[in-house]
Amino acid sequence: MEFTAKQIAQFVQGVIEGDENASVTTFTKIEEGVPGAISFLANPKYTHYLYETKSSVVLVDKSIELDKPVETTLIRVDNARDCVAKLLQLYESMKPKKQGVDKMAFISESAKIGDNVYIGAFAYIGDNVVVGDGCQIYPNATICDNVKLGNNCILYPNTTVYHDCRLGNEVILHAGSVVGADGFGFAPNAETNSYDKIPQIGNVIIEDNVEIGANTCIDRSTMGSTFVRKGVKLDNLVQIAHNTDIGENTVMSAQVGIAGSTKVGQWCMFGGQVGIAGHITIGNKVFLGAQSGVPGSLKDNQTLIGTPPTDQRSFFKSQAIIRRLPEIYKQLNDLQKEVEELKKQKQD
């Protein structure tokens, strides 16, 4: 696919500086620019790359000021990063989609398959499964009995959706992700000196426009449903335990763990390795820094970090004091010695 600077400028509502007929066929970082590529510049710290890049077209923020002429064609926009995202979405949407069912795939006779679907080799489609229109099911994906998929879902290789789970429209499961495995439910049995498994008879419901990263697991509920609401984005290696409810448009970075029966609000953002205790409620628009540990419920509209979480300003002040603890400890010892000396002198 080839686009000219003029076409791109019209799409992103930008202003061209240079050759409006400059054409591009690919994307690259500005420091790795090649002829025929489009790059972007949003951070003034990287302005020096503009003078040496080989990219044919560069999207730049209107606020970027130049010290000397550039050879590349510029398209000035309000927000170059947002415009690149739109262009990448356009580029991705224009790629041809695979269609058809590979002869090596297994599809139950009772399954219902929509129009314009792709099912790759060794994919497994169980009894009474419903696959919506435009879905892409890649090789070795497993969809167990009674699962329902909405339209335009993508299940990449080696994904697994357990029985009775529900996926909405435009859900993406990346390789190795598992939806609907048993929740971690066991009860100690004193008579047998072991643990009895508690059957997990619920399911998982994933609403529209959710993306699940590679090797992420969402456990089925003990009873009822584990919910992942519309617009949620989960990174790789995230664990969502049974009976949780993840609110709309919440995003989580890698290795976040949410314990069972916890409710997470809308528009939350969790950094890497955040851990959330079970049976608590996290409010809307709660932002948690990486490696935060949350033992109790949190109210709406907070930006927190640490274990237990505290506001960022207090956290970083505390960290500064912690770094000085050896020095403070020495001063305290010296003061204690002085006090002991003064007491001794007074007694004498």
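Residues numbered from 1 in each chain as written. Predicted model: local features only at pLDDT ≥ 70, side-chain atom pairs only at ≥ 80, totals over all residues. Heavy atoms only, no water.

**Q** Explain the packing of helix α3 (residues 312-323) against helix α4 (residues 325-347) to me, please; I cannot follow it from the model alone.
**A** Packed helices, taken two at a time, are described by the angle their axes make and the gap between the axes. Their axes nearest at 5 Å, the elements α3 and α4 cross at an angle of 55 degrees. Taken together, the axes of α3 and α4 lie oblique to each other. Mapping the contact onto sequence places Ile 321, Ile 322 and Arg 323 in α3 and Leu 325, Pro 326 and Ile 328 in α4. (Axes fitted to C-alpha atoms, helices over the stretch in contact; angles between N-to-C directions. Helix = DSSP H or I, 4+ residues; strand = E, 2+ residues; numbered from the N terminus. Parallel < 35°, antiparallel > 145°, perpendicular 65-115°, else oblique. Contact = heavy atoms within 4.5 Å.)

**Q** Please explain the layout of surface pockets as it appears in this structure.
**A** Which parts of space are left empty comes out when a probe the size of a water molecule is rolled across the atoms. By volume, the largest pocket is sized at about 380 Å³. If you go around the largest pocket, you meet 14 residues; those closest to its centre are Glu 92, Ser 93, Lys 97, Ile 154 and Tyr 156. In terms of residue count, the dominant contributor to the lining of the largest pocket is helix α2 (residues 80-93) (three residues). Its residues assigned to classes, the lining of the largest pocket shows five nonpolar, four polar and five charged. (1 Å grid on protein atoms, 1.4 Å probe; cavity = no way out; pocket = protein on both sides within 12 Å on 5 of 7 lines; lining within 4 Å. Points joined across faces, edges and corners; volume = space filled by probe spheres on them. Nonpolar A, V, L, I, M, F, W, Y, C, P; charged D, E, K, R; others polar.)

**Q** For this particular structure, what's the right way to read the nonpolar core?
**A** Soluble, globular proteins show a tendency: their nonpolar side chains are buried together. Residues Phe 270 and Ile 282 are the most contacted members of the largest nonpolar core, which totals 48 residues. Broken down by secondary-structure element, the contributors of at least two residues to this core are β24 (203-206) and β37 (286-288). If we skip the residues at most four places from it in the chain, Ile 282 touches Lys 263, Val 264, Gly 265, Cys 268, Phe 270, Ile 276, Val 294, Gly 296 and Leu 298. (Core = buried A, V, L, I, M, F, W, Y, C linked by side-chain atoms within 4.5 Å. Buried < 20%, exposed > 50% of the residue type's maximum accessible area, 1.4 Å probe, protein only.)

**Q** Just checking my understanding: could you explain the pairing of strand β27 (residues 225-228) for this structure?
**A** Each regular strand displays side chains that alternate between the two surfaces of the sheet. Here β24 pairs with β27 via four bridges, running parallel. By the bridge assignment for β27, Val 204 is matched with Thr 226. Relative to strand β30 (residues 245-246), β27 is paired through two bridges, and the arrangement is parallel. Bridging from a neighbouring strand, Val 228 pairs with Ile 246 of β30. (Pairing = 2+ DSSP bridges.)

**Q** Looking at this structure, how should I read the state of the cysteines?
**A** Here, the word disulfide means a covalent bond between the sulfur atoms of two cysteines. Taken as a whole and judged by the stated rule, the model has zero disulfides. Of all cysteine sulfurs in the structure, the one in Cys 153 sits closest to Cys 135, which takes part in no disulfide; the separation is 4.4 Å. (Disulfide = S-S within 2.5 Å.)

**Q** Help me understand a nonpolar patch on the surface, please; the structure alone is not making it clear to me.
**A** Residues Ile 321, Ile 322, Leu 325 and Ile 328 make up a contiguous nonpolar surface patch of roughly 330 Å² in combined accessible area. Counting only elements with at least two residues in the nonpolar patch, the list comes to α3 and α4. Here Ile 321 is to be found in helix α3. (Patch = residues over 30% accessible without salt bridge, like charges linked within 9 Å, V, L, I, M, F, W, Y side chains within 5 Å. Areas by Shrake-Rupley, 256 points an atom, 1.4 Å probe, with all protein chains shown as cover. Salt bridge = Lys/Arg side-chain N within 4 Å of Asp/Glu carboxyl O.)

**Q** I tried to follow the packing of aromatic side chains on my own but got confused; where do I start?
**A** Each pair of aromatic rings is reported with the distance of its centres and the angle of its planes. Under the criterion given, the structure shown has six aromatic pairs. Between Phe 27 and Tyr 91, the aromatic rings sit 5.7 Å apart at their centres with planes inclined by 75 degrees, giving edge-to-face as the arrangement. Of this pair, Phe 27 sits in strand β4 (residues 26-27) while Tyr 91 sits in helix α2, and the two are 64 residues apart along the sequence. For Tyr 91, a relative accessible area of 26% translates into the label partly exposed. Each member of the aromatic cluster is reached from another via a ring pair, and the members are Tyr 118, Tyr 138 and Tyr 156. Across from the ring centre of Tyr 51, 5.0 Å away, lies the NZ or CZ of Lys 68, which sits over that ring. Between Arg 229 and the ring centre of Phe 227, over which it is positioned, the NZ or CZ distance is 4.0 Å. (Phe/Tyr/Trp six-rings, centres within 6.5 Å; stacked < 30°, edge-to-face > 60°. Lys NZ or Arg CZ within 6 Å of the ring centre and 35° of its normal.)

**Q** Could you clarify how one ought to interpret the sheet that holds β30 in this entry?
**A** Paired through backbone hydrogen bonds, the strands of a sheet run either parallel or antiparallel to each other. What the nine strands build is an open sheet, ordered β10-β13-β16-β19-β24-β27-β30-β33-β36; its pairing is parallel. In this open sheet, the two edge strands, each paired with only one partner strand, are β10 (112-113) and β36 (281-282). With two bridges joining them, β10 and strand β13 (residues 130-131) adopt parallel strand pairing. Bridge assignment links Ile 113 to a residue of β13, and that residue is Val 131.

By themselves, these are just geometric observations and shouldn't be taken as functional.
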